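# Observations on the three-dimensional arrangement
Below are the chains, spelled out letter by letter.
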Amino acid sequence: MPHDIPWRVQVLNHPGSSDQDIRDEPTWTGAHQHRVGVRNRQDRLPGLTHDEDGGELPNSSSSTDATTERAFDAEARQEFEQLKQRQEQGDLINFRDIISGEKDFHLRYPQNRSLGWRYVLDCTEDGVKNEQNWPANIVKRKREEEAQREKASHTADGVEVVDRSGDKQKQNESEDAHEESDWKRSQDENIKHNAAYGVTPEQSRNDEQQKSDYERLLERYTPQEIALLRNLQHEKDYRKQLKRNNGKLKSPQTHNRSTISIDEADQFSPDNWLPRSEHLIRLTGKHPLNAEAEVTTLFDGGLITPNELHYVRNHGAVPRILWENHELDVENGKLKLSMDDLKNNFEAINIPVSLACDGNRRKELNMIKKSKGFNRGAGTTGCVYWKGPLLRDVLLAAGVEEERYTGESRERWVNFQGADEPSEGKYETCIPLSYAMDPTNDVLLAYEMNDVPLPPDHGYPVRLLIPGYVGGRCVKWLAKIWITDHENTSHYHIWDNRVLPSFITEKDGEFATAMFSHPDTACNEQNLNAVVVKPAQGEKLPLTAARKGKTYRIEGYAYDGGGHEVQRVEMSLDGGETWLYCIRRFPDYPIRHGNKFWTWLHWYVDVSMPHLLQAKTISVRAWNVFKNTQPEKPSWNTMGMMNNCWYTVKSEIRQDDEDEVPHVLFRHPVEPGTGGGGWMQPSEENKIASAKQEAGAPQKQFTRQEIEKHDREDDCWIVVGDKVYDATSVLAWHPGGKAAIAGHAGKIHQETSDEFESIHDGYAYQKLKECVLGVVTQKAADFMKANAEASAKEKAQSKNKGADVVLQKHRWVPVKLRERDSVSEDTRRYTFGLPDGMKDLGLGTCQHIQLGFHLKDKMLIRSYTPTRPLLPDSSQDNGLAEPDATTNGEVQTMRDGQGTFELVVKTYFPSDQHPGGAMSNILDCMPLGEEVEIRGPTGEITYSGNGTFDISGEEMKFSKINLVLGGSGLTPGYALIARALLGTGEEVQVCVVDANKSEADVLLREELEHFVQESKGRLKVAHVLSHPSESWQGLKGHVKADVLRSNLFPPAEGTACFLCGPPAMIQKAALPALRDWGFEEDKNVFGF
């Protein structure tokens, strides 16, 4: 398989952590998640603020005057082009320029957007801050160049640069192309080929009626005969009454017509703006998204699948395309269509179509031998209504003739290209022109999915939809259509969506090249398939359920390709000795053109409970119009495609410790992705391959602190298993794109290992071995294990969290900017409205929210503590003082439950030296009505009143509290002060040292003075200014030991310190001074 960039590895050798560093490494498993400056599970540095952060638009509607719309569009495009021209000319561009020059079309035209559409700035934080020639950057680069010249071919500490690829840099393209096949031969794979080769639904009834009928029939027939009789009676009538679909119906699936949240897994990828369902199981790590729903969830979604449960297959980042700007090029410019042209100038049809990936059920093959594909389960399908014009009509409008062959009798092909940019070039494929021009094939250019605009993951604004074909041929984000007299030769058409003979196990070498380009290996029409859904994976049935007359409904789905009807589904309880006939249920109006069935079906059969509990297996097979059925056993191929063997569920009798009676446990073959609950186990061949992969690694050890330093694209270390790898050089050629790896840079977590194992084959492990540096220390390994257990527990708890609050720990929720008020020349108070009429933010005292804004490479994220609400909703807390009307009014305005929250943010304006703060300038310039994302609560310190804190799940009580705060780090302390002073029976005393540069930089100064006056001596605040005015009467200078000792409570039982401020102030001044004074981290010193 040829690649544009050779797959070469280059590693900077590293001596490993020193013996002293290894001895000094803390025992991470015994520390709180609030150790100052140590990255926690939420990817925050507790106690430290970020380095930089220490005009309303008219309401728009679909009835806007067309002339006004065109004027807005023209102005917006002109401003955007001017911004691009300035960048190309080398002008220095800051965030205020960008947000002012990139209009949000979503605010203007919400009707043209998919559900949950987000506004994205077409820039990166690094591009604005570090890649432009700001004077500060020029000085920095000069210093780096001087240092580079000094160290020449060695690093600054004398470490030699070693290129592990050796002389491979000089290899020719032929040698590079055969690298994998050569490696496999060296592993004794594919030494020779087999010498034997030559040169050549039943109507539903209520339970009572069903039960009585069953008991009556049991007097004459066996359970199997009853099941057969019912199905035969059903088939007599049901098939005849199925109705034709005229293409003009509405989708009956109306689930989820509101905005959905964004998964935290996407926050550091180019897909950070995409809402995705929490029910989707990610199969290739965080990025790109390849996902499916758990098969029971998919099935329960109904015969017409909800959009958010439909499987997703992406090869890279989802392109962000605007409806207003997208243009479809047909026949190399002969016809160019805007989206409005496509929607308004062609007749559309709206039909239900089942789509399935040809990798559906691949994990079953991977358990036999690892294929080139990732671990898809049985949920990689779905059936939705797709709406759009026929491709035939668009081609005719472009002047394409219908003839199948050219004058030289060569077959004509229609080619398609997507607008995405995957790692191996444009995604292209083709189908015979004759197939596309046949109106009975219903080949569509779809722009709606279940009667709403396509979700971006499914091809917004327009995709190709070929009913009956595999998903890989249905190009998303369609940009170009053209006709040729030969088959498409692009990478993804040749090297993907193929079924090859099992002796070909690699994607390079002469055999692979011959067969991947062979026309008969291409996957086009879907193949016949059927799956058992219920009993579900892990379902338990107690043996006491085996009572006479009691039945169980076994259910599943089935589909076929090419519009062929699934004419029969059979289920066996005895390994295929006998088969029970199953009832089929189609979506309403499933038939097109007299005999085309583009949809899947659901099937079921009722069996007696005793028979089910005695069965060792439950197998299903389907039959199509050709009277063909599925094979019993799988047929392995290197791409793991088109697996359609019998789907078999196995059962076993178990009695766990918590069970009063034994039960039957049902297990499906596999669970998708990294799930390990299926009955299939890795083959001996896979076990041997795993042992080889684990063997061998340098014994140099690396501490957690050392690994976390290497967290950038230009210095990217990852941890897989217990080994440390330098993956920096891999980013340039990684097939899944650099974001798939960069998201794990410098991370000590189990996710990297799980994701790598589920996606990669033996050759990928071989390339990984070339990157190895050494192993993690035992303390780091223990931390990784403990952190994985804690994260799993936290996620399970967050799923059970009530839906009455907005904040979610692992999902980003959009909120709208309602008001922006100036507090001072550079400080603003922002009021945000909560979504969907919700009232409660759900933030504990001292906790933070994370605020996110979408950039093109990842989400810009900053942590803030709201200045309102500061107190719980009155329905959740009765421990607050309300002695008089004045106090009562003050308390009520501070309570949660108002449907809004406020942030006070200092704006770091751009200058001629630097671009200023990213988030603060975006907030200062964004239009009212625009959305940002919030997530949380973050921070595991929660104050519940009367000196009681919950710190990482441990209750601690303090009567005297020291707060060392700096800049914007004041806000979590401010929340604690408010709660401590307003609570009933509160006797807590608080001392505050608040450090800033000047008087103007002091946040919430008036509010703090008010609290001091009302505290009756329980609150003392000392402001320290490093650059005060001449009139300043308070403390001057920086935070030092003498300042802290003069203004804080000394170390004692019941006294604690909480810190939040700039890194230099906290880590280099405050923390050492507090340690010397006698305070101890994790005992009485914590970072907010």
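About the thresholds
- Residues numbered from 1 in each chain as written.
- Predicted model: local features only at pLDDT ≥ 70, side-chain atom pairs only at ≥ 80, totals over all residues.
- Heavy atoms only, no water.
- Helix = DSSP H or I, 4+ residues; strand = E, 2+ residues; numbered from the N terminus.
- Buried < 20%, exposed > 50% of the residue type's maximum accessible area, 1.4 Å probe, protein only.
- Areas by Shrake-Rupley, 256 points an atom, 1.4 Å probe, with all protein chains shown as cover.
- Pairing = 2+ DSSP bridges.
- Axes fitted to C-alpha atoms, helices over the stretch in contact; angles between N-to-C directions.
- Core = buried A, V, L, I, M, F, W, Y, C linked by side-chain atoms within 4.5 Å.
- pLDDT = per-residue confidence, 0-100.
- Contact = heavy atoms within 4.5 Å.
- Phe/Tyr/Trp six-rings, centres within 6.5 Å; stacked < 30°, edge-to-face > 60°.
- Polar contact = N/O pair within 3.5 Å; in protein donor to acceptor, adjacent residues only side chain to side chain.
- Salt bridge = Lys/Arg side-chain N within 4 Å of Asp/Glu carboxyl O.
- 1 Å grid on protein atoms, 1.4 Å probe; cavity = no way out; pocket = protein on both sides within 12 Å on 5 of 7 lines; lining within 4 Å.
- Points joined across faces, edges and corners; volume = space filled by probe spheres on them.
- Nonpolar A, V, L, I, M, F, W, Y, C, P; charged D, E, K, R; others polar.
- Disulfide = S-S within 2.5 Å.
- Parallel < 35°, antiparallel > 145°, perpendicular 65-115°, else oblique.
- Left-handed = near helix turned anticlockwise from the far one by under 90°.

## Description of the overall build of the chain
- Scanning the chain for helices and strands turns up 30 helices and 50 strands.
- Classification of the 1088 residues of the chain by burial places 56% in the buried group.
- Total accessible area on the chain stands at roughly 47,000 Å², and carbon and sulfur atoms take up 47% of it.

## Things to note about the pairing of strand 12 (residues 413-418)
- Of all 6 residues that make up strand 12, 6 are buried, and the element is covered over most of its length.
- Neither face of strand 12 is exposed, since Trp413, Asn415 and Gln417 on one face and Val414, Phe416 and Gly418 on the opposite face are all buried.
- Looking at chain direction, strand 12 and strand 13 (residues 428-432) are connected through 5 bridges and run antiparallel. Across the sheet, glutamine 417 pairs through a bridge with glutamate 428, a residue of strand 13.

## Looking at the sheet that holds strand 12
- Strand order across the open sheet formed by 5 strands is 9-8-18-12-13, with mixed pairing between neighbours. The strands lining the two open edges of the sheet, one partner per strand, are strand 9 (335-338) and strand 13. Taking the axes of each pair of neighbouring strands and ignoring which way they run, one obtains an average angle of 15° across the sheet.
- Inspection of the sheet shows strand 8 (residues 327-330) paired to strand 18 (residues 478-484) by 2 bridges, in the parallel sense. Directly across from valine 330, in strand 18, lies its bridge partner isoleucine 481.

## Observations regarding the sheet that holds strand 6 (residues 290-293)
- Read across the open sheet, the 3 strands follow the order 5-6-7; overall the sheet is antiparallel. Both edges of this open sheet fall to strand 5 (280-282) and strand 7 (312-313), since each of them pairs with a single strand only.
- As paired elements, strand 5 and strand 6 share 3 bridges and run antiparallel to each other. Bridge pairing in strand 6 links arginine 282 to alanine 291.

## With respect to the nonpolar core
- Among the nonpolar cores identified, the biggest contains 58 residues, and Trp386, Leu395, Leu445 and Ile481 are the most heavily contacted of them.
- Element by element, the count of residues in this core is highest for strand 10 (residues 348-356), at 5 residues.
- Residues Ala293, Ile591, Trp600 and Leu612 belong to the second largest nonpolar core, which totals 49 residues.

## A short note on the confidence of the model for the chain
- Per-residue pLDDT for the chain averages 87, and the proportion of residues at 70 or more is 88%.
- Confidence drops under pLDDT 50 across residues 53-64; counting only partners more than four residues distant or on other chains, this segment forms 26 contacts.
- Every residue in residues 880-886 scores below 50 in pLDDT, and together they form 17 contacts with partners more than four places removed in sequence or on other chains.

## Focus: the packing of aromatic side chains
- If you walk through the whole model with that rule in mind, you get 26 aromatic pairs.
- On the basis of an interplanar angle of 80° and a centroid distance of 5.6 Å, the ring pair of tryptophan 1077 and phenylalanine 1079 is categorised as edge-to-face.
- Classification of tryptophan 1077 as buried rests on a relative accessible area of 16%.
- Ring pairs connect the aromatic residues Tyr943, Phe949, Phe958, Phe1058, Phe1086 and Phe1088, which therefore count as one cluster.

## What about the side chain of aspartate 560?
- Within the secondary structure, aspartate 560 sits in the loop between strand 21 (551-559) and strand 22 (566-572).
- Among the polar contacts listed, one links the side chain of aspartate 560 to the backbone nitrogen of leucine 528, at a separation of 3.2 Å.
- At 3.3 Å, the side chain of aspartate 560 forms a polar contact with the side chain of asparagine 624.
- If we ignore the near neighbours within four places in the chain, the residues touching aspartate 560 are Gln526, Asn527, Leu528, Val566 and Asn624.

## Let's talk about the pattern of salt bridges
- One pass over the full model with this rule turns up 55 salt bridges.
- Among the salt bridges present, the one from aspartate 263 reaches arginine 282, with a minimum N-O distance of 3.6 Å. Of this pair, aspartate 263 sits in strand 4 (residues 262-263) while arginine 282 sits in strand 5, and the two are 19 residues apart along the sequence. Accessibility classification places aspartate 263 together with arginine 282 in one group, the buried group.
- The closest approach of N and O atoms between aspartate 485 and arginine 410, which form a salt bridge, is 3.8 Å.

## Focus: empty space enclosed by the protein
- Size it by volume and the largest cavity reaches roughly 260 Å³.
- Across the lining of the largest cavity, the residue classes break down as 10 nonpolar, 8 polar and 4 charged.

## Concerning the state of the cysteines
- One pass over the full model with this rule turns up 0 disulfides.
- Counting only cysteine sulfurs, cysteine 1057 is the nearest neighbor of cysteine 991, a cysteine outside any disulfide, at a range of 10.0 Å.

## Quick look at unusual backbone geometry
- Note the cis peptide between arginine 868 and proline 869, where omega equals 5°.
- For proline 869, the position within the fold is in the loop between strand 39 (859-864) and helix 25 (885-894).
- Look at the link from glycine 936 to proline 937: it is a cis peptide, with omega at -5°.
- As for its position among the elements, proline 937 is in strand 41 (residues 931-938).

## Quick notes on the packing of helix 27 (residues 970-982) against helix 28 (residues 1005-1014)
- Look at helix 27 against helix 28: their axes get within 11 Å of each other, and the N-to-C directions meet at 30°. Compared by their axis directions, helix 27 and helix 28 come out roughly parallel. Note on packing geometry: the crossing formed by helix 27 with helix 28 is left-handed. Counted together, Leu970, Tyr974, Ile977, Ala978 and Leu981 of helix 27 and Glu1007, Leu1008 and Phe1011 of helix 28 form the full contact between these two elements.
- Class assignment for the residues of the contact of helix 27 with helix 28 results in 7 nonpolar, no polar and 1 charged.

## Some words on the pairing of strand 11 (residues 381-389)
- Counting buried positions along strand 11 gives 8 out of 9 residues, so the element sits mostly inside the fold.
- Direction of pairing for strand 10 relative to strand 11: antiparallel, over a ladder of 9 bridges. For isoleucine 349, the partnering residue across the bridge sits in strand 11 and is glycine 388.
- The pairing of strand 11 with strand 15 (residues 448-449) spans 2 bridges and is antiparallel. The partner of tryptophan 386 across the bridge, within strand 15, is methionine 449.

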